[in-house]
Amino acid sequence: MSVDVKRKNLEYIKGGFPELYARLVQGDKAVLPENFSENDASPEDFTVIENMETLTEVGAVVAELPSGEVVRLNSAYDPEHEARVWAQGQENLEAENILLFGLGNGSFARAVLAAKKKDSRVLIYEPSARLFHFALSHYDLSGFFGVPGVRVIVEGVNEDMVSGVMEEMLTLENFESRSFLVSPGMGQWFPAARKRFVGCYMDGVGRLMSNKNTTRRFIHLSPYNQLHNLIYLEKHTVVPKLAKVWEKDVPVIVIGAGPSLKEETEVLKRERDRAFLFAVDSALPFLLEKNIVPDAYICIEADKPLSYFEGEQTKEIPLFCRVNTTHKLLDKHQGAKVFGWDEGLPGKLYEKYGVPVSQYRYGGNGATSFFAICKEMGVKTVILLGQDMAYGADKASHVGGRNERFVENRHFLFENNLGESVQSRQDWYRFVRWYENAIPACGFDHVINTAARGVRIKGTEFMSLEQALERYGKKHEPVEKLIEKAAHTFEGGRVMELPALYQEFGQELEKLQALLDKEPKSEERKKFLIYELLALYEMADMEEDFVVSQRKGMEKIREFLADCEKEVQEWI
């Protein structure tokens, strides 16, 4: 065992994949491999592993299978040369996403990284926890943790992060461009783990298809929202800038509209000044009805019904949103606005004007989005309230008059925080899985779930709201004051002049049109900022004919841009 090799590997992991590093060490004491637990190994795992010297500086792995068979994972002469020859025989190394099953001593993975496209993303899945622990002390693994776009998942160590990594890798544009590679022997020796790995990819694709359906649903509004809502960016702020002045020791209560919310209203009234109250849009009318005014609320949807925001008070309560949020709400809202994670056109504009960009993706609804925002702002304790993910004892789905029909489904029966079986449903279960992947990645000190009858979420602590606030609650400055301290979106950088930007978009449209007339799928079209809106029409493909959808998309973007140019003149 080489102490130097292990220390260097851990330093690279600490810098390149800190979430994995946190799993591998406790304080300053490394827990591998001398304290490696048999519980970390899967039933398929190797039983004995040794390093075999070769004719080069890189050793070969020799391991014993549970059957007693001894196998060698690398060439006894030159493992690196063997890996290069193997990589030359693999297909589709030009893919956007490369998924490699088996890290081993790193030789095959290194060959893949050397042969791939420069900007391809690579997910390496090591099915043997024992081999990974062994490799850290015997082989140089530095090249897998300091390289952008490369992530390593180890079964028995951080496999619960794989869905989160998939979410970072896969987009509607790139998910079909993928290559599955299996290091020699690993698929044969670890068939169950390989099946799980492929299943994780398919789950990721399933989420993308759900997103595609959402794109189709809101394609009539989403491009207009993004163009129109730019008028609010300059005078307001973004989450990363608010993070610089945020009181991180104060708990944030993420308030959903689940049935358990009504059980905690008196505690909220009495103890509200000991935490920040962040309300999901559907919880807002119920809270206001109970005379509880939250510190902030959120709306991320492109076409959210305004019925949630009818109260006059909602106009002044700070709003967390996206550039893609329904323009109808932003036009009505008069208080402070904080813009969060956005992809597409807003993300490209943030990059162009030097605006810090949120890094953690939202999970698809208001509650998961607030959870991601807490990560961005460095919050230490998050308290989930009304996050039941299950029907109440009276079969109600939500508080405050919104009650979706109870549906019995044996496939979505889960254990709650009291150890009882409760009825959930597919969309709630998807959010449970999102939380279970996000919690270890976010690294909060505490994530507390207050819903006794709610689905048990792995990684959360269960206690009442009163207990949570007694233990972690702190006084704090009003959110409005903190937002006032935060720099505006373009402060300290290049200012976005909206009339000029709209003119630039118009010029881009003409150039883009000329290009599309010659070659509708030209890669060059992606260099235009305005293409990020056209891409929505291409992905939605409402006409089920790419060229027709593209042409109609260009027509709508022209129409929306003309409307926004008129609006900005009135705004000025």
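Residues numbered from 1 in each chain as written. Predicted model: local features only at pLDDT ≥ 70, side-chain atom pairs only at ≥ 80, totals over all residues. Heavy atoms only, no water.

Student: Which residues make up the layout of surface pockets, and what are the values?
Tutor: As a volume, the second largest pocket reaches approximately 480 Å³. Looking at the lining of the second largest pocket, the elements with two or more residues in it are α8 (191–218) and α20 (531–540). Per element, the largest residue contribution to the lining of the second largest pocket is four residues, and it comes from α20. (1 Å grid on protein atoms, 1.4 Å probe; cavity = no way out; pocket = protein on both sides within 12 Å on 5 of 7 lines; lining within 4 Å. Points joined across faces, edges and corners; volume = space filled by probe spheres on them. Helix = DSSP H or I, 4+ residues; strand = E, 2+ residues; numbered from the N terminus.)

Student: Help me get a handle on the pairing of strand β7 (residues 121–126), residues and values and all.
Tutor: Of all six residues in β7, five are buried; the element is thus mostly enclosed. Where strand β6 (residues 97–101) lies against β7, five bridges are found, and the strand directions are parallel. Within the sheet, the bridge partner assigned to Asn97 lies in β7 and is Arg121. Following the chain from β6 across helix α4 (residues 107–115) to the adjacent parallel β7, one finds a crossover that is right-handed. Taken together, the five bridges between β7 and strand β8 (residues 150–154) define a ladder with parallel strand orientation. (Buried < 20%, exposed > 50% of the residue type's maximum accessible area, 1.4 Å probe, protein only. Pairing = 2+ DSSP bridges. Right-handed = clockwise from strand over helix to strand, strands pointing away.)

Student: Provide a residue-level description of empty space enclosed by the protein, including the pertinent values.
Tutor: All chains considered together, the criterion is met by two cavities of 30 Å³ or more. Taken as a whole, the largest cavity holds about 70 Å³ of empty space. Taken together, Leu73, Asn74, Gly102, Leu103, Gly104, Asn105, Phe108, Glu126, Ser183, Pro184 and Met186 make up the full set of residues lining the largest cavity. Grouping the amino acids of the lining of the largest cavity by side-chain chemistry returns five nonpolar, five polar and one charged. (Nonpolar A, V, L, I, M, F, W, Y, C, P; charged D, E, K, R; others polar.)

Student: Any chance you could break down the pattern of salt bridges for me, citing the residues and the numbers?
Tutor: Inspection of the entire model under this criterion finds 26 salt bridges. Close ionic contact of Glu312 with Lys315 constitutes a salt bridge, the shortest N to O distance being 3.3 Å. Among the residues examined, Glu312 registers a relative accessible area of 57% and is labelled exposed. A single network of salt bridges, built from pairs that share partners, joins Arg270, Glu271, Arg274 and Glu466. (Salt bridge = Lys/Arg side-chain N within 4 Å of Asp/Glu carboxyl O.)

Student: Which residues make up the nonpolar core, and what values do they have?
Tutor: Counting 140 residues, the largest nonpolar core has Phe132 and Phe505 as the members making the most contacts within it. The residues touching Phe505, leaving out its near neighbours within four places in the chain, are Leu227, Leu230, Leu345, Leu349, Leu529, Ile530 and Leu561. Ala372, Cys374, Ala438 and Ala441 belong to the second largest nonpolar core, which has 49 residues in total. (Core = buried A, V, L, I, M, F, W, Y, C linked by side-chain atoms within 4.5 Å. Contact = heavy atoms within 4.5 Å.)

Student: Any chance you could break down α20 for me, citing the residues and the numbers?
Tutor: Along α20, ten of the ten residues are buried, which leaves the element largely enclosed by surrounding structure. Buried residues of α20: Tyr531, Glu532, Leu533, Leu534, Ala535, Leu536, Tyr537, Glu538, Met539 and Ala540, and no others. Positive backbone phi, approximately 45°, marks Asp541, located one or two places after α20.

Student: Go over the sheet that holds β6 with me, naming the residues and quoting the values.
Tutor: With parallel pairing, the four strands of this open sheet are ordered in space as β8-β7-β6-β9. A strand with exactly one partner marks an edge of an open sheet, and here the two such strands are β8 and β9 (178–182). When strand polarity is set aside, the average angle formed by the axes of neighbouring strands in this sheet is 15°. (Axes fitted to C-alpha atoms, helices over the stretch in contact; angles between N-to-C directions.)

Student: I'd love a proper account of the packing of helix α15 (residues 366–377) against helix α16 (residues 426–442), names of residues and values included.
Tutor: Between α15 and α16, the least distance of the axes is 11 Å, while the angle of their chain directions is 5°. Compared by their axis directions, α15 and α16 come out roughly parallel. Of the residues in α16, those in contact with Ala367, Thr368, Phe371, Ala372 and Lys375 of α15 are Phe431, Trp434, Tyr435, Ala438, Ile439, Ala441 and Cys442. (Parallel < 35°, antiparallel > 145°, perpendicular 65-115°, else oblique.)

Student: So what's going on with the packing of aromatic side chains? Residues and values would help.
Tutor: Counted by the stated rule, this structure contains 26 aromatic pairs. Measuring from centroid to centroid gives 5.2 Å for Phe46 and Phe190, while their planes differ by 90°, and the two rings are edge-to-face. Taken as a pair, Phe46 in the loop between β2 (29–30) and β3 (48–52) and Phe190 in the loop between α7 (186–189) and α8 lie far apart in primary sequence, 144 residues in all. Ring geometry for Tyr297 against Phe309: centres 5.6 Å apart, planes inclined by 25°, an arrangement best described as stacked. Of this pair, Tyr297 sits in strand β13 (residues 296–298) while Phe309 sits in the loop between β13 and β14 (319–321), and the two are twelve residues apart along the sequence. Like Phe309, Tyr297 is buried. Grouped by ring-pair contacts, the aromatic residues Phe101, Tyr125, Phe180, Phe197 and Tyr201 constitute a single cluster. The ring of Tyr232 has Lys337 sitting right over it, with the charged end atom 4.9 Å from the ring centre. One cation-aromatic arrangement involves Lys521 over Phe546; the distance from NZ or CZ to the ring centre is 4.7 Å. (Phe/Tyr/Trp six-rings, centres within 6.5 Å; stacked < 30°, edge-to-face > 60°. Lys NZ or Arg CZ within 6 Å of the ring centre and 35° of its normal.)

Student: How would you explain α15 if you had to name every residue and give the values?
Tutor: A rise of 1.5 Å per residue sets the reference length of α15, with its twelve residues, at 16 Å; its end C-alpha atoms lie 16 Å apart and thus fit the reference within 8%. Of all twelve residues making up α15, ten are buried, and the element is well covered by its neighbours. Looking at α15, one finds that the buried residues are Gly366, Ala367, Thr368, Ser369, Phe370, Phe371, Ala372, Ile373, Cys374 and Met377. Two to three positions downstream of the cap, the backbone nitrogen of Ala367 sits 3.4 Å from a side-chain oxygen, assigning the N-cap of α15 to Asn365. After α15 finishes, the residue Gly378 shows a positive phi value of roughly 80°. (Expected span 1.5 Å × (residues − 1). Polar contact = N/O pair within 3.5 Å; in protein donor to acceptor, adjacent residues only side chain to side chain.)

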